[in-house]
Amino acid sequence: MNPEDQQRIQMSVATTEITPVYADDVLIGQTIKQNKLPDGTLEKEGLITFFFIDMITQKPVAKIVTSRITAQQFNHLLGDTLQKMNTELRSNKETVYNVHIEPEKHTGYIG
């Protein structure tokens with residue numbers, strides 16, 4: 001993903017109307033489908049499902065279904081984020097946020 005796309009996504013995330021919900025537990029499931037082809041080989045695909053749970057109410061607050069590739073990227077990004085957070089939480093320095101979001105440039109619609 002190029003920097004311009006990342007900046008557009010960050011702007012969209014910052015201005016979204018989605019209401020955050022609290023979850024203090026997660027369950028993960030997997031679904032694997034297979035199809036036997038006429039030549040005898042198997043064709044397989046899989047999906048990962050995340051259930052985020054509010055344990056006070058004992059109810060799921062979100063269900064996210066994603067591809068294996070997206071789940072692998074999530075695993076990588078979550079690992080990096082947790083490593084950075086743990087480093088920051090152990091430090092005695094004041095936390096500084098350097099977030100710079102520029103509004104999206106509109107070229108206008110010609111048509």
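Note that the structure is predicted; figures quoted are calculated from it, not measured. (Residues numbered from 1 in each chain as written. Predicted model: local features only at pLDDT ≥ 70, side-chain atom pairs only at ≥ 80, totals over all residues. Heavy atoms only, no water.)

**Overview of the packing of aromatic side chains**
On inspection of all chains with the given rule, the structure shows two aromatic pairs. Judged by centre distance (6.3 Å) and plane angle (20 degrees), the ring pair of Phe 50 and Phe 52 falls under stacked. The exposure class assigned to Phe 52 is partly exposed, which follows from its relative accessible area of 26%. Connected via pairs of aromatic rings, a cluster forms that spans Phe 50, Phe 52 and Phe 74. (Phe/Tyr/Trp six-rings, centres within 6.5 Å; stacked < 30°, edge-to-face > 60°. Buried < 20%, exposed > 50% of the residue type's maximum accessible area, 1.4 Å probe, protein only.)

**Structural notes on the side chain of Thr 66**
Tracing the sequence through the fold places Thr 66 in strand β3 (residues 59–67). Beyond its immediate stretch of four places on either side in the chain, Thr 66 contacts Leu 47, Ile 48, Phe 50 and Ala 71. (Helix = DSSP H or I, 4+ residues; strand = E, 2+ residues; numbered from the N terminus. Contact = heavy atoms within 4.5 Å.)

**Regarding the pairing of strand β2 (residues 42–54)**
Bridging between strand β1 (residues 25–36) and β2 involves 12 bridges; their strand directions are antiparallel. Within β2, the position partnered with Gln 34 by the bridge is Lys 44. Where β1 folds back on β2, the antiparallel hairpin that results is connected by five residues, among which Gly 40 adopts a positive phi of roughly 95 degrees. With eight bridges connecting them, β2 and β3 associate as antiparallel partners. Note that in β3 the partner of Asp 54 across the bridge is Lys 59. Turn length for the β2-β3 hairpin, with the two strands adjacent in sequence and antiparallel, is four residues, and the turn residue Gln 58 shows positive phi of about 60 degrees. (Pairing = 2+ DSSP bridges.)

**A closer look at the environment of Ser 67**
Mapped onto the elements, Ser 67 comes out in strand β3. When the C-alpha positions of Ser 67 and Gln 30 are compared, they lie 9.9 Å apart, and in sequence the two are 37 residues distant. The residues touching Ser 67, leaving out its near neighbours within four places in the chain, are Gly 46, Leu 47 and Ile 48.

**Describing a nonpolar patch on the surface**
A contiguous nonpolar surface patch, about 490 Å² in accessible area, is contributed by Phe 74, Leu 78, Leu 82, Met 85 and Leu 89. On the secondary structure map, Phe 74 appears in helix α2 (residues 68–90). Owing to a relative accessible area of 38%, Phe 74 belongs among the partly exposed residues under this scheme. (Patch = residues over 30% accessible without salt bridge, like charges linked within 9 Å, V, L, I, M, F, W, Y side chains within 5 Å. Areas by Shrake-Rupley, 256 points an atom, 1.4 Å probe, with all protein chains shown as cover. Salt bridge = Lys/Arg side-chain N within 4 Å of Asp/Glu carboxyl O.)

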